[in-house]
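Below are the chains, spelled out letter by letter.
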Amino acid sequence: MHRLPRLRRSITTLACAATLAMLASACAGDDGGSGTGADEAPDKKVTITFWHGWSAESEVKAVDDLVAKFNAKHPNIKVKVVSNVTDDKITQGIRSGKGPDVVSSFTTDNVGQFCTSGSWTDLAPWLAKSNIDPAATFPKPVLDYTQFQGKRCALPLLADSYGLYYNKDMFAAAGITAPPKTFTELTETAKKLNQLNGDGTFKVAGFLPTFHAYEFSAAHTLAQFGPTYQTPDGKSNLSKDPVVPQFFNWQKQFVESQGGFDKLEKFRTTFGEEFSAENPFMSGKLAMTMDGEWRTAMLAQDAPNLNYGTAPFPVPDDQLDKYGRSYLTGTTVGIAKSSHHQAAAWEFVKFVTTDTEAMVAFSQAIHNVPSTNAALAASPLANDEHFKPFIDAFKHPASNTTPASPNGGKYQVTLSEYAYKWEAGQGGDLTKSLADLDKQIDTDVAQVK
Amino acid sequence: MTTTAPAAAKVPAALRRQRRRRNLRTLAFLSPWLIGFSVFFAYPLGATVYYSFTRYDLINPPVWVGMRNWNYVLNDYPPLWQALRNTLWLVVVMVTLRVIFGLGLGMLAIRLKRGGGLFRTLSYLPYLAPPVAATIGFAFLLNPGTGPVNHLLGNVGMPQPGWFNDPDWSKPALTLLALWGIGDLLVIFTASLLDVPREQYEAAELDGVGPWQRFRYVTWPAITPVVLFAVVTGVIQTMQYYTQAMVAGKVASGIIGNSGQSFEPGYPQGTTLTLPQLVYEEGFSTFNTGAACVISLLLFVIAMAFTFLLLRRRSGLLDDD
């Protein structure tokens, strides 16, 4: 029979084709591009492209309004706006040489990579040219997370802080008069607020302390302990920082006091999508939750009748003096290496990050924390009952963030993956596991250096 | 004779021109394939091998680092072994079940006296569903808390698995999804079963053989090349398994991956992690293209090894004569 050799050749060719086709996606192309446009005349008519990550209709409109304000001041610079862009797309766009001029990222995790690779250009010369003193203009936390090892390749475009959202009606029904301030109080309050169905499953959970419960991630929650992620020489410090095992043990006890991991996880699968009207706090499945300041806008829009309050997220019992602190992050903005109109791009970056009036309006529109000292002072949001705790948290001296790393947020993924195992009872010996995590994180960082 | 020498030289020159023209014509006919092979196969493979020995962040020029990426991936990269274990599970279980299920449906389809066309159409339709949409649909159907499947199972007193949320059930749930989209195998198995000579069945019936012997000695030898094709392509597809595993993990985990909110590839607990997910994570999330290229090459070598192994073991499936 001659069918077999033909078949074999066909199959082998198909195997090669299928496998190689995938390989092709990994490695190809060059960065291209020439001429930065850094010396272009200020009044030259140019078109620049701005890529951002906002996607909700109201947010996209707020960005468009911001751009319209810029155009009113700089009629010679036309800004083409592209929404819903991720960091992966940004890197690919810059690499193609035909990507954006101005780029923004929702995460501070990749600033280290953006700065070290040079894909986002150094903004220090532009700041100096415009006589902008970063230290006097921006609060210290946002200045820290927008630079890496002294290179400032990004500026903050609004910021985020986290706090406790609680259902006032459920508090009143359970006879609770004030939000908890310590973790012991949080645990006791959560137990009082739990409501069970006849079969013992949750109808309402006072709090859901598992790490997949949306914003209650390991990084956000560990911030309440004030961790030191890295040693001064950049090595991972998880096993040497005493608050890290304290954090894991507290979470384990909290999970157990709430009925155990399996019961909580099963309840979590009944939740709607985090950024929809079916969010579990908005739909009444959670009496308390950790969330960012942006939730206030979503509550106003999708759950206007929910009687809720906001407060700083509780802290460990032995750190009550740090009550008010929070994990901080925010949107970052910079100029792409591939931009051919960097002077115009800088004008846009300067406007959106330092123009007080524009920033106040933008922060009000999307309910984010203003990221300049002047806008913080001028923002009417500071007088908003629900929003005030987030502004206070942003200003709190003990608030902190996750440090930048040359390989982006990989060390956070490594920590989170261990946290998921830990809460499922598969974390093994905590001391040894944290030492292993340090070793793995250091190996991963060394790999990209 | 003064004309002999020039005439002798003229003939080979004409022949050479003719040969050159023939070669050029052949090359012209082959050129589409040659260009495609060079651009889409040879260059990417060569580039991948080269980048696997470099530090490359997609932005700056690659820097030669020797075996560093290979050492890292093979010795200091635990997700690789987890992804390989998952892939092996999927190859053994998912591919086997797909072949058995596809063959079974094909045999049913050709035996149906009435409604065969409708049966084939309904069985084929799920294959046309886009993988992302199908996976999201399955994630909702199999949601442990709100999905109708567990609701039904609960009503009849059966255990309610965690499906995509349970490390023990996540791969079986993906297998269910793969069986639902069996349309591709249904078509080729139905065609191959219809191609089995009828007279062989009639002869077997005259000899009084039973249904199993009929399948073993008549159907099976005739369809084994197609079964082998299904297994080999199934293994290659499973090696490249990405979309369904990634989407199911994202939907079930509820984590979309904002700042400080790290999506865990392979949710839950790495049980749906596959090699292509690692390629993406290393190449485009941590900008470690060298390591991504190493994983790609390992994937290539494993896929080729599987293919050659299956073809060399063909004697168990095929008759050579």
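Residues numbered from 1 in each chain as written. Chains lettered and ligands numbered in written order. Predicted model: local features only at pLDDT ≥ 70, side-chain atom pairs only at ≥ 80, totals over all residues. Heavy atoms only, no water.

**Q** Describe in detail the overall build of chain B, supporting the description with residues and values.
**A** The secondary structure content of chain B amounts to 13 helices and two strands. Whereas a compact globule of 321 residues would reach a radius of gyration of roughly 20 Å, chain B reaches 27 Å, over 25% beyond that. For chain B, the C-alpha atoms occupy an extent of roughly 110 × 70 × 30 Å along the three principal directions. A separation threshold of at least 6 residues defines the contact pool for chain B, and within that pool the share at least 24 residues apart is 66%. (Helix = DSSP H or I, 4+ residues; strand = E, 2+ residues; numbered from the N terminus. Rg over C-alpha atoms; globule rule 2.2 N^0.38 Å. Contact = heavy atoms within 4.5 Å.)

**Q** For the domain arrangement of chain B, give the residues involved together with the corresponding values.
**A** All names here are of chain B. You can read the domains of chain B as domain 1 (4–51) and domain 2 (78–318). Relative to domain 2, the C-alpha centre of domain 1 lies at a distance of 43 Å. In this assembly, four residues from domain 1 lie in contact with four residues from domain 2. Both faces considered, domain 1 and domain 2 share a buried interface measuring about 360 Å² in area, 89% of it formed by carbon and sulfur atoms. The interface formed by domain 1 and domain 2 contains zero salt bridges. (Domains from an automatic or database assignment. Buried area = accessible area lost by both parts, 1.4 Å probe. Salt bridge = Lys/Arg side-chain N within 4 Å of Asp/Glu carboxyl O.)

**Q** Tell me about the domain arrangement of chain A, and please be specific about residues and values.
**A** Residues and elements named next belong to chain A. As assigned here, chain A comprises domain 1 (46–160 + 328–395) and domain 2 (162–325 + 404–448). Of note, the centres of domain 1 and domain 2, computed from C-alpha atoms alone, are 28 Å apart. Contact with domain 1, which involves 19 residues of that partner, is made by 22 residues of domain 2. Carbon and sulfur atoms make up 59% of the area that domain 1 and domain 2 hide from each other, which totals about 1,700 Å². Considering only the surface of domain 1 that becomes buried against domain 2, Asp-109, His-386 and Phe-390 emerge as the three largest contributors, covering 36% of it.

**Q** How would you summarise the packing of helix α2 (residues 57–73) of chain A against helix α14 (residues 342–354) of chain A if you had to cite specific residues and measurements?
**A** Residue and element names in this part refer to chain A. The geometry of α2 relative to α14 is characterised by a closest axis approach of 10 Å and an angle of 120 degrees between their N-to-C directions. Classified by the angle between their axes, α2 and α14 sit oblique to one another. Crossing of α2 over α14 shows right-handed handedness. Across the interface between the two elements, Leu-66, Val-67, Lys-69, Phe-70 and Lys-73 of α2 pack against Glu-347, Phe-348, Phe-351 and Val-352 of α14. (Axes fitted to C-alpha atoms, helices over the stretch in contact; angles between N-to-C directions. Parallel < 35°, antiparallel > 145°, perpendicular 65-115°, else oblique. Left-handed = near helix turned anticlockwise from the far one by under 90°.)

**Q** Tell me what's going on with the packing of helix α19 (residues 430–448) of chain A against helix α2 (residues 68–75) of chain B, and back it up with residues and numbers.
**A** The contact between α19(A) and α2(B) brings their axes to 10 Å, and the two run at 160 degrees. Classified by the angle their axes make, α19(A) and α2(B) are roughly antiparallel. Relative to α2(B), the crossing made by α19(A) is left-handed. The residues of α2(B) that touch α19(A), namely those facing Thr443(A), Asp444(A), Ala446(A), Gln447(A) and Val448(A), are Arg68(B), Asn69(B) and Tyr72(B). Residues that form the contact of α19(A) with α2(B) fall into these classes: three nonpolar, three polar and two charged. (Nonpolar A, V, L, I, M, F, W, Y, C, P; charged D, E, K, R; others polar.)

**Q** Break down a nonpolar patch on the surface for me, citing the residues and quoting the values.
**A** Residues and elements named next belong to chain B. A surface patch of nonpolar side chains, about 580 Å² in accessible area, is lined by Leu-24, Leu-27, Leu-30, Trp-33, Leu-34 and Phe-37. Tracing the backbone through its elements, the reader meets Trp-33 in helix α1 (residues 4–51). Judged by relative accessible area, which is 53%, Trp-33 ranks as exposed. (Patch = residues over 30% accessible without salt bridge, like charges linked within 9 Å, V, L, I, M, F, W, Y side chains within 5 Å. Areas by Shrake-Rupley, 256 points an atom, 1.4 Å probe, with all protein chains shown as cover. Buried < 20%, exposed > 50% of the residue type's maximum accessible area, 1.4 Å probe, protein only.)

**Q** So what about the pairing of strand β3 (residues 102–105) of chain A? Which residues, and what values?
**A** Residues and elements named next belong to chain A. In β3, alternate side chains face the same way, and those of Val-102 and Ser-104 on one face and Val-103 and Ser-105 on the other are all buried. Where strand β1 (residues 46–51) lies against β3, two bridges are found, and the strand directions are parallel. Residue pairing in the sheet places Trp-51 in a bridge with Val-103 of β3. Strand direction decides the pairing type here: β3 and strand β11 (residues 328–335), joined by four bridges, are antiparallel. (Pairing = 2+ DSSP bridges.)

**Q** Any chance you could break down the confidence of the model for chain B for me, citing the residues and the numbers?
**A** Summing up the model confidence of chain B, the mean pLDDT is 89 and the portion of residues at 70 or higher is 92%. Here the predicted complex scores 0.85 on pTM and 0.81 on ipTM. (pLDDT = per-residue confidence, 0-100.)

**Q** Could you give an account of the environment of Asp355(A), with specific residues and numbers?
**A** Residue and element names in this part refer to chain A. Counting through the fold element by element, Asp-355 comes out in the loop between α14 and α15 (356–366). For Asp-355, a relative accessible area of 16% translates into the label buried. Sequence separation of Asp-355 and Lys-449 is 94 residues, and the distance between their C-alpha atoms is 37 Å. Non-local contacts of Asp-355, meaning those with residues more than four positions away in its chain, are made with Lys-73 and Lys-350. In this structure the side chain of Asp-355 is engaged in a polar contact, spanning 2.8 Å, whose partner is the side chain of Lys-73. (Polar contact = N/O pair within 3.5 Å; in protein donor to acceptor, adjacent residues only side chain to side chain.)

**Q** Which residues make up the pattern of salt bridges, and what values do they have?
**A** All names here are of chain A. Across all of its chains, the model carries 13 salt bridges over all chains by this definition. Among the ionic pairs, Lys-61 bridges to Asp-65, the shortest N-O distance being 3.0 Å. Of this pair, Lys-61 and Asp-65 both sit in helix α2, four residues apart, which is roughly one turn of that helix. Looking at Asp-65, the relative accessible area reads 34%, which means it is partly exposed. Asp-321 is paired through a salt bridge with Lys-322; the nearest N and O atoms lie 3.3 Å apart.

**Q** Which residues make up helix α13 (residues 295–302) of chain A, and what values go with them?
**A** All names here are of chain A. Looking only at α13, the buried set comprises Arg-295, Thr-296, Met-298 and Leu-299. Taken end-on, α13 shows its buried residues confined to a sector of 165 degrees, consistent with a single buried face. Along α13, the residues that are exposed and aim more than 90 degrees away from the buried face are Ala-300 and Gln-301. For α13, the secondary structure elements touched by its buried residues are β6 (155–167), β9 (288–292), β10 (308–311) and α17 (388–395). (Arc of directions from axis to C-beta.)

**Q** Before we move on, can you summarise unusual backbone geometry with the specific residues and values?
**A** All names here are of chain B. A cis amide bond links Tyr-267 with the next residue in sequence, Pro-268, at an omega value of 0 degrees. Mapped onto the elements, Pro-268 comes out in the loop between α11 (243–253) and α12 (275–285). Unusually for a residue other than glycine, Leu-58 sits at a positive phi of about 80 degrees. Here Leu-58 is to be found in the loop between β1 (54–55) and β2 (63–64). A residue is classified by how much of its surface remains accessible, and Leu-58, at 2% relative accessible area, is buried.

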